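# Coordinate inspection notes
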Amino acid sequence: MNIAVLVSGRGTNLESILKAKQKGILNSNISLVLSDKENVRALDVAKSYGIRALALPRKNFKSKEDFEQKMLESLEKYNTHFLVLAGFMRILSDSFIKAFENKIINIHPSLLPCYKGLSTHQRVLSDGTLFSGASVHFVNSELDSGPIIIQGVVSILENDTEETLSKRVLEIEHKILVQAIKWVEENRVEIKQKRVYIKGAKYGAFPFNPALEVF
Ligand code: GRF
């Protein structure tokens, strides 16, 4: 399977994917890293692992349609089968998503369906919830709303700040994103209505479900 990873910035989730690939945990070919911004760390991460890295700055295109058309051409050129949004900060149009139906996943730093969108950690802390976490989900036409593949949970600590909480959630992100990709490449992911079932894996969240194969 040829996977393209779409990024916009720091690229730590991309790094966790590439490390997993290096360790032989993931077997897919990471055929392309595509960024909507120039000069971001994620592009350097890709290059440091010898992965093809392409920047398509949105500002260079007249319209969203032109921008997405160019993305689709690049994805096609490298025979892409599956897309991973790893900190990609743009909303994709319905027609783009249709071109990769049920073949796009996203990592989001909250326990969806709560806290869709931006500034999740800040909102979690100001609401005083006792848990937060991260979710990997399929991308559909509604923001952060597609079927959830895996979630990981963290407790909120008494003295948490946005910084400390985001750091703990990020560690979870790195694990569950790799796990989700592994399940996809093993062809074990089944979507039934809104729910996702993993063939041969016990149902539940990380880290409470010891049967999950997250490393
Ligand atoms: C992550 O928190 C991800 O969940 C969110 O954007 C952040 C990207 O981080 N969508 P990185 O670029 O992977 O370091």
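Let me begin by describing the structure that accompanies this report. (Residues numbered from 1 in each chain as written. Predicted model: local features only at pLDDT ≥ 70, side-chain atom pairs only at ≥ 80, totals over all residues. Heavy atoms only, no water.)

### Considerations on the overall build of the protein chain
Applicable threshold: Each helix is a run of H or I in the DSSP string that is no shorter than four residues. Each strand is a run of E no shorter than two, and both are numbered from the N terminus. Any residue under 20% of the maximum accessible area for its type is buried, any over 50% is exposed, and the rest in between are partly exposed; the area is computed with a 1.4 Å probe on protein chains only. We call two residues contacting when some pair of their heavy atoms lies within 4.5 Å. Areas reported here follow the Shrake-Rupley algorithm with a probe of radius 1.4 Å; residue values treat only the protein chains shown as occluding. We count Lys and Arg on the positive side and Asp and Glu on the negative side, and we leave His and both chain ends out. To locate a charge, take NZ of a lysine, CZ of an arginine, CG of an aspartate or CD of a glutamate.
Scanning the protein chain for helices and strands turns up 6 helices and 9 strands. Out of the 215 residues in the protein chain, the part that is buried amounts to 49%. Expressed as a percentage of contacts within the protein chain between residues at least 6 apart in sequence, the contacts between residues at least 24 apart total 62%. Carbon and sulfur atoms make up 50% of the accessible area of the protein chain, which amounts to about 11000 Å² in all. Charged side chains in the protein chain number 29 positive and 24 negative. The centres of these two groups are separated by 4 Å.

### A short note on the site of the ligand
Put simply, the test is: One heavy atom within 4 Å of a molecule or strand makes the whole residue count as near it. We define a polar contact as two N or O atoms separated by no more than 3.5 Å, with the added condition that, inside protein, one atom must be a possible hydrogen donor and the other a possible acceptor, whereas residues neighbouring each other in sequence contribute only through side-chain atom pairs. Charged means Asp, Glu, Lys or Arg here, nonpolar means Ala, Val, Leu, Ile, Met, Phe, Trp, Tyr, Cys or Pro, and polar covers whatever is left, Gly included.
In the neighbourhood of the ligand, the contacting residues comprise Arg10, Gly11, Thr12, Asn13, Gly87, Ile107, Pro109 and Glu173. Arg10 is positioned such that a nitrogen or oxygen atom in its side chain is 2.7 Å from an oxygen atom of the ligand. For the ligand, an oxygen atom lies 2.6 Å from a polar atom in the side chain of Thr12. Calculation on the ligand without its partners gives an accessible area of 360 Å², and the protein chains cover 86% of this total. Along the lines of polarity and charge, the residues of the shell around the ligand split into 2 nonpolar, 4 polar and 2 charged.

### Comments concerning a nonpolar patch on the surface
What counts is decided by this rule: Patch rule: a residue counts if its relative accessible area is over 30% and it has no salt bridge; like charges are joined within 9 Å, and nonpolar side chains (Val, Leu, Ile, Met, Phe, Trp, Tyr) within 5 Å. Each salt bridge in this description consists of a side-chain nitrogen of Lys or Arg and a carboxyl oxygen of Asp or Glu lying within 4 Å of one another.
Taken together, Leu130, Phe131 and Phe208 make up a surface patch of nonpolar side chains, about 370 Å² in accessible area. Residue classification places Phe131 among the partly exposed residues on the basis of a relative accessible area of 45%.

### Quick word on the pairing of strand E2 (residues 29–35)
Remark: a regular strand shows side chains that alternate across the two faces of the sheet. In plain terms, the rule: When DSSP locates at least two bridges between a pair of strands, those strands are taken to pair. Look down the strands so they point away from you; if going from the first strand over the helix to the second traces a clockwise path, that crossover is right-handed.
By the criterion of burial, E2 is predominantly enclosed, with 6 of the 7 residues buried. Taken together, the 6 bridges between strand E1 (residues 2–7) and E2 define a ladder with parallel strand orientation. When the sheet's bridge partners are listed, Ile3 is paired in E2 with Ile30. Read as a crossover between parallel neighbours, the route from E1 over helix H1 (residues 12–22) to E2 is right-handed. With 3 bridges joining them, E2 and strand E3 (residues 53–55) adopt parallel strand pairing. Bridging from a neighbouring strand, Ser35 pairs with Ala55 of E3.

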